Amino acid sequence: MILKSRGWRYHKGGWEEVFQPISKGCHDAGSANAYNWPGKPNTQVLVLPIIDSLMPRPPYLPLAVPEDLAPRLKRLHGDPIVWWVGQFLKYLLRPQQPTREFLFAGMRNLGWERPIVGVHVRRTDKVGTEAACHSIGEYMTHVEDYYRTLEINGTTVVRRVFLASDDAYVIEEAREKYPHYQIIGDPEVARMASVSTRYTDTALNGIILDIHLLSMSDHLVCTFSSQVCRVAYEIMQTMYPDASHRFKSLDDIYYYGGQNAHNRRVVIAHSPRTHEDLQLRVDDLVSVAGNHWDGNSKGKNTRTNQGGLFPSFKVEEKIDTAKLPLYPGV
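Since the model is a prediction, treat every value here as computed from it, not as a measurement.

Reading the values: rules and limits
Residues numbered from 1 in each chain as written. Predicted model: local features only at pLDDT ≥ 70, side-chain atom pairs only at ≥ 80, totals over all residues. Heavy atoms only, no water. Phe/Tyr/Trp six-rings, centres within 6.5 Å; stacked < 30°, edge-to-face > 60°. Buried < 20%, exposed > 50% of the residue type's maximum accessible area, 1.4 Å probe, protein only. UniProt positions renumbered as here; feature names shortened; annotations may be inferred. Helix = DSSP H or I, 4+ residues; strand = E, 2+ residues; numbered from the N terminus. Domains from an automatic or database assignment. Contact = heavy atoms within 4.5 Å. Buried area = accessible area lost by both parts, 1.4 Å probe. Salt bridge = Lys/Arg side-chain N within 4 Å of Asp/Glu carboxyl O.

Which residues make up the packing of aromatic side chains, and what values do they have?
Scanning the model with the defined rule gives 13 aromatic pairs in all. A ring pair is formed by tryptophan 15 and phenylalanine 19, whose centres lie 4.7 Å apart and whose planes are at 35°; its orientation type is tilted. We classify tryptophan 15 as buried; its relative accessible area is 14%. Accessibility expressed as a relative area gives 7% for phenylalanine 19, which makes it buried. For the pair tyrosine 178 and tyrosine 181, a centre-to-centre distance of 6.3 Å together with 80° between the ring planes defines the contact as edge-to-face. Like tyrosine 178, the residue tyrosine 181 is buried in the burial classification.

What follows is the structure, encoded as C-alpha cells:
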C-alpha cells in the first residue's frame, strides 16, 4: 500500500515525514502499468480514488466488519464498526520519532492529567454549511453530567477539561465562565486551526496533538459532524475493551464518510402518530439518517421507501459483515 502524499497541502514533504510509511518494504510503485479501480485480473498496480468515488463499491466498505470477527465483536463491543476502523487508524497513525516526541512534550506542557473530559468545539467554516453553532454551555452540560456521575459515591475529583477548537475565543470563554474547571487548551493552536492558516506545518502539529489528546480522554463531548471528533472517537476504541459509550455528540450519530447504507432492523412495530412518522413492521430495515436526541430518529423504510421519524428504541443495529482474508497463522 503506497500513499501518494508528496505535495500534501498540510505538509509538502508528505505523510511519511510525520507518520511511518504504510508499507515497510514498498514505497514506490515502480514502472508497472497502473490501472484505476477495479483494475483487471493481471493488474500489478491498482490506483484507488477517495471512498466517495469508488465504483463499483465493494462489500467490505464501512459499515461492514469481517465475518469471522463479527460474532465476538457483537458480544464484546457496543459499536463493532468503530472498533474495526480504530484498528486501521492505530496502524496508519504510527508516529515518526520526532512526532512522538512532539506529542509527549505537548502533553507535558499542557499539564494533561486524568481524569479528563475531551471537548471539541468546531466553528469557522463548518458552522452554517454542515453544522449548527452550539454554545460552550451545551458542551459543558454533558461535562457536568460526567463528573457528577464520577462523584456519585461521594469522592471529589479535579474537574479537568481538554478543550480543542478552531476558534481561540472558545478557550478563553470557557475559562471565564467555568472557573471551577481546570480548562486545558492552547489558544494558539486554535488560532492556527482557522481557515486562513490551516494548511501549515504548525497547524498540522496542532491538529495531531488535539486528536491525540481527545482520543486519550476519559470521555468525549463534541459534534460527530466534525471529522476531528469522529477520528478521536475511533482511536479511543483502541485504548479500552469497549469505549463505544464514552462520548456525547451534540448533533450527528457516528458515521464514516462515504459509508454504505446504515441500516437498523425493526424489533417493535410502529403505527404513525403524526404525518411525519414512519409505519414500521417487525424485521423492516430502516436506513438511518440521524438521531434527533429527543427519543426519535429520522430515516427511510427500505420496504416502503417512505422517509420520516420513528422512535429510536424500536430498532436495533444491523451489523453488516463481509468475507475478508483469514489469517490462520495468527
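That shown, we press on.
Before we move on, could you go through the UniProt feature "domain: SH3" (unreviewed entry) in the protein and cite the residues and values that matter?
Cross-referencing UniProt, the feature "domain: SH3" (unreviewed entry) maps to residues 259–320 in the present numbering. For residues 259–320, helix accounts for 0% and strand for 42%, while the C-alpha atoms at its two ends are 12 Å apart.

I'd love a proper account of the domain arrangement of the protein, names of residues and values included.
Taken domain by domain, the protein holds domain 1 (1–54), domain 2 (88–249) and domain 3 (263–318). Computed over C-alpha atoms only, the centres of domain 1 and domain 2 are separated by 31 Å. With 13 residues of domain 1 at the interface, the matching set in domain 2 holds 13 residues. The contact between domain 1 and domain 2 buries some 1,400 Å² in all, and 55% of this surface belongs to carbon and sulfur atoms. The largest per-residue losses of area from domain 1 upon contact with domain 2 belong to Tyr10, Phe19 and Gln20, which jointly make up 46% of the total buried on that side. Taken together, the connections running from domain 1 to domain 2 amount to zero salt bridges.

A description of the pattern of salt bridges should follow, citing residues and the corresponding values.
Evaluated as defined, the whole model comprises 13 salt bridges. Arginine 114 is the salt-bridge partner of aspartate 218, the closest N and O atoms lying 2.8 Å from each other. In this pair, aspartate 218 is assigned in the loop between helix H7 (201–216) and strand S7 (219–222) and arginine 114 in the loop between helix H3 (97–110) and strand S4 (117–121), connecting sequence segments 104 residues apart. One network of salt bridges, with partners in common, ties together Glu144, Arg148, Glu151 and Arg159.

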